[in-house]
Amino acid sequence: DSGVTQTPKHLITATGQRVTLRCSPRSGDLSVYWYQQSLDQGLQFLIQYYNGEERAKGNILERFSAQQFPDLHSELNLSSLELGDSALYFCASSASTNLEQYFGPGTRLTVT
Amino acid sequence: GQNIDQPTEMTATEGAIVQINCTYQTSGFNGLFWYQQHAGEAPTFLSYNVLDGLEEKGRFSSFLSRSKGYSYLLLKELQMKDSASYLCAVSKGGGADGLTFGKGTHLIIQP
């Protein structure tokens with residue numbers, strides 16, 4: 001158990017819908033990262049927050065957005081969902097920058 | 001651009017030693033990570049190399065050569081539970097630490 005929690009574990013929704021994935025980092029960790037893992041693309045970095053502020057963006061689509069709240073939990077919002085958005089979404093956290101990241105159990109999103 | 005290469009699949013025997021190689025070409029480099037991932041589960045942290053050389057941690061060791069853009073993960077005394085994917089990842093640093101991952105090496109341990 002990494003100490004990072006994610007909800008929900010599984011999510012099934014239809015194309016065009018919007019969903020919110022939630023992540024709570026390890027106690028004391030200030031950095032939160034979101035990753036997408038699909039069979040063909042592997043593990044792809046989406047976005048990073050540090051102490052409530054956006055720090056870096058990766059391959060995140062404009063239909064996706066995220067935020068980190070004052071209690072340091074984070075949410076990833078996915079809208080106008082497409083079949084290709086079906087994937088495992090992982091949240092990771094680290095104490096600061098340039099340190100090892102600890103991954104949560106992931107949310108498996110299925111878009112039908 | 002970002003390019004991280006590692007073999008797709010490797011097979012090894014229980015009790016033996018296996019080396020998984022990773023080469024990278026990235027715009028910016030701060031450090032190299034190795035993660036283990038069992039199917040359907042979260043990646044778990046194995047090692048982190050910032051400087052050239054070998055880092056040893058129990059049965060696992062990781063090596064880095066920054067000038068060659070090369071790293072390897074060495075697993076000794078292989079156990080059946082070591083069957084998993086091993087992911088090489090690069091951090092660009094500068095406070096922006098989203099990791100760039102390779103596609104992973106699927107390691108199969110045979111009795």
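Residues numbered from 1 in each chain as written. Chains lettered and ligands numbered in written order. Predicted model: local features only at pLDDT ≥ 70, side-chain atom pairs only at ≥ 80, totals over all residues. Heavy atoms only, no water.

Colleague: Even after reading the chapter, I still don't get the sheet that holds strand 8 (residues 70–75) of chain B, so can you show me in this structure?
Modeller: Two modes of strand pairing occur in sheets, parallel and antiparallel, and in both the strands are linked by backbone hydrogen bonds. Residue and element names in this part refer to chain B. Overall, antiparallel pairing links the five strands, which are arranged 1-3-8-7-6 in an open sheet. Among the strands making up the open sheet, the edge pair consists of strand 1 (3–5) and strand 6 (53–57). Strand-to-strand twist across the sheet, computed as the mean angle between neighbouring axes with direction ignored, equals 15°. Of the pairings in the sheet, the one linking strand 1 to strand 3 (residues 18–25) comprises three bridges and is antiparallel in character. Its bridge partner being in strand 3, Ile-4 is matched across the sheet by Tyr-24. (Pairing = 2+ DSSP bridges. Helix = DSSP H or I, 4+ residues; strand = E, 2+ residues; numbered from the N terminus. Axes fitted to C-alpha atoms, helices over the stretch in contact; angles between N-to-C directions.)

Colleague: How should I be thinking about unusual backbone geometry in this particular structure?
Modeller: Trans is the common state for peptide bonds, and a negative phi is the common state for residues other than glycine. The omega angle of the peptide bond from Thr-7 of chain A to Pro-8 of chain A is -10°, so this bond is cis rather than trans. For Pro-8 of chain A, the position within the fold is in the loop between strand 1 (5–7) and strand 2 (10–13). For Glu-77 of chain B, which is not a glycine, the phi torsion comes out positive at approximately 45°. Within the secondary structure, Glu-77 of chain B is located in the loop between strand 8 and strand 9 (84–91). You can call Glu-77 of chain B exposed: its relative accessible area is 55%. (Buried < 20%, exposed > 50% of the residue type's maximum accessible area, 1.4 Å probe, protein only.)

Colleague: Would you take a moment to explain the packing of aromatic side chains for this structure?
Modeller: In total, this model carries 16 aromatic pairs over all chains according to the counting rule given. Both rings, one in Tyr-35 of chain A and one in Phe-101 of chain B, keep their centres 5.7 Å apart while their planes meet at 85°; by these two values the pair is edge-to-face. Placement of Tyr-35 of chain A in strand 4 (residues 31–38) and of Phe-101 of chain B in strand 10 (residues 100–101) is noted, with the two residues assigned to different chains. The same class applies to Tyr-35 of chain A as to Phe-101 of chain B, namely buried. Ring geometry for Phe-63 of chain B versus Tyr-72 of chain B: centroids 5.0 Å apart, planes at 15°, classification stacked. Among the aromatic residues, those joined into a ring-pair cluster are Tyr-35, Phe-45, Phe-90, Tyr-102 and Phe-103 of chain A together with Phe-33, Tyr-35, Phe-45, Tyr-48 and Phe-101 of chain B. (Phe/Tyr/Trp six-rings, centres within 6.5 Å; stacked < 30°, edge-to-face > 60°.)

Treat this as a map of the structure, not an account of what it does.
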